[in-house]
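An overview of the molecular structure
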Amino acid sequence: MCACTLLISSLVAGSIGVPGRNPAFRVALITPGPISDGGWNQAAYEGLRTIGRELGASVAHAEVRAPSEYSQALRDFAVRGFGLIIGHGFEFGDAAVEVGRQFPGTFFVITSGRVTAKNVASLQFQLNEATYLLGYLAGKMSRTKKVGCVGGMKIPSVERSLAGFVAGARRAGPAIEVRVAYTGSFEDIQAAKESGRALIRWGADFLIHNADASGLGVFQAAAEAKGVLAFGTIRPQHQLMPKVVLASAVADLPTGFLNIATIRQKSQLEGKIYYLGFREGAVGVVFNPLLERRIPQALQKELGSLKDQIVTGRLKVPDRISP
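Residues numbered from 1 in each chain as written. Predicted model: local features only at pLDDT ≥ 70, side-chain atom pairs only at ≥ 80, totals over all residues. Heavy atoms only, no water.

Let's shift gears to the sheet that holds strand β13 (residues 283–287). Pairing within the open sheet is mixed, and its 6 strands lie in the order β8-β7-β9-β10-β11-β13. The open sheet is flanked by β8 (177–182) and β13, the only strands paired with a single partner. The mean angle between the axes of side-by-side strands here comes to 20°, regardless of whether they run parallel or antiparallel. Across 6 bridges, strand β7 (residues 146–151) lies against β8 in parallel orientation. Within the sheet, the bridge partner assigned to V147 lies in β8 and is V178. Against the sheet, helix α7 (residues 189–202) touches β7, β8 and β9 (206–210), its axis set at about 165° to β7. (Pairing = 2+ DSSP bridges. Helix = DSSP H or I, 4+ residues; strand = E, 2+ residues; numbered from the N terminus. Axes fitted to C-alpha atoms, helices over the stretch in contact; angles between N-to-C directions. Contact = heavy atoms within 4.5 Å.)

As structure tokens, then:
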């Protein structure tokens, strides 16, 4: 048996498949991390399940961490007849373009990607639009005029979300200072906690994370300190720390995935970048009902106005942090 066959066998054994009412439409998801992370990968898996439930598609999932296995994972699902394969993260982009040439009848979609080809599309969730509002909120409510950000790995999607927060905080007032720290991991809770503690020692009284499962450490750091509040990302996270998490910038991956799968099912999917934000109802802000009353009504109205400006295009949120 060749090494290639061994690799395919291991991927098949590690995948999760669910037959649907419409077995002719088959959708696969490949994630770079566990679907139990409470954030990025779990939201994607919920999106896959939504596709299976709403469209009757046969769906399957596999977790592949090693970059050397990306191409093989995509190829494996293509060989098995999946018509839509979602690589969950920009890191699958080059592999999708490569494998896409070999399987012209299969469509590949890369979340947070910027790659396109005849049968390769990218899906961009504009989470920076939601984090912009949270940055503005933090800047207006901060007593110390210092707010902090903790990212996991420094990848485009994480940088984009934090860029929105930084821009929103700076809009709140010229005296606002913002610091950004990266831990280099999406799973190291202790590293995220130490980054949060360092920002609090610097003076930050509001923290946001985009560090996936390790973001719990940021919440823990805020809980240990007096008068510090935090924001979650990707999914509503106030249930994790109800006394600490004021709000979350959320990306509705199930809705985005369902939209893309529906277009593919109709054979109308194009090789381009699909942008999903406030206007498409794919991102939003979810407030903690236990803490929302702390936000002055006048400030809530300001947030609503800023959102309207973003939706209408009068306000463009940056996707990079300016000096």
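So, on to the pattern of salt bridges. Throughout the structure, instances matching the rule amount to 11 salt bridges. Of the charged contacts, one joins R320 and D319 as a salt bridge, the two residues approaching to 3.6 Å between their closest N and O atoms. (Salt bridge = Lys/Arg side-chain N within 4 Å of Asp/Glu carboxyl O.)

Within the largest apolar cluster, 68 residues are counted, with the highest numbers of intra-cluster contacts made by V27, I51, V109, L137, F231, L246 and F257. Setting aside its immediate chain neighbours within four residues, V109 contacts L84, I85, I86, G87, A121, L123, I260 and L269. In terms of nonpolar packing, the next biggest core, distinct from the first, is built from 22 residues, A62, F103, F108 and V120 among them. (Core = buried A, V, L, I, M, F, W, Y, C linked by side-chain atoms within 4.5 Å. Buried < 20%, exposed > 50% of the residue type's maximum accessible area, 1.4 Å probe, protein only.)

So, on to the packing of aromatic side chains. For any pair of aromatic rings, the description consists of the separation of the ring centres together with the inter-plane angle of the planes. Taken as a whole and assessed by the stated rule, the structure comprises 4 aromatic pairs. Note on F77 and F82: the rings are 5.1 Å apart at their centroids and 80° apart in plane angle, and the pair reads as edge-to-face. Taking the relative accessible area as the measure of exposure, F77 reaches 1% and is therefore buried. Among the aromatic side chains, those forming a connected cluster through ring pairs are F165, F206 and F231. Directly above the ring of F82 sits R26, whose terminal nitrogen or CZ lies 4.1 Å from the centroid. (Phe/Tyr/Trp six-rings, centres within 6.5 Å; stacked < 30°, edge-to-face > 60°. Lys NZ or Arg CZ within 6 Å of the ring centre and 35° of its normal.)

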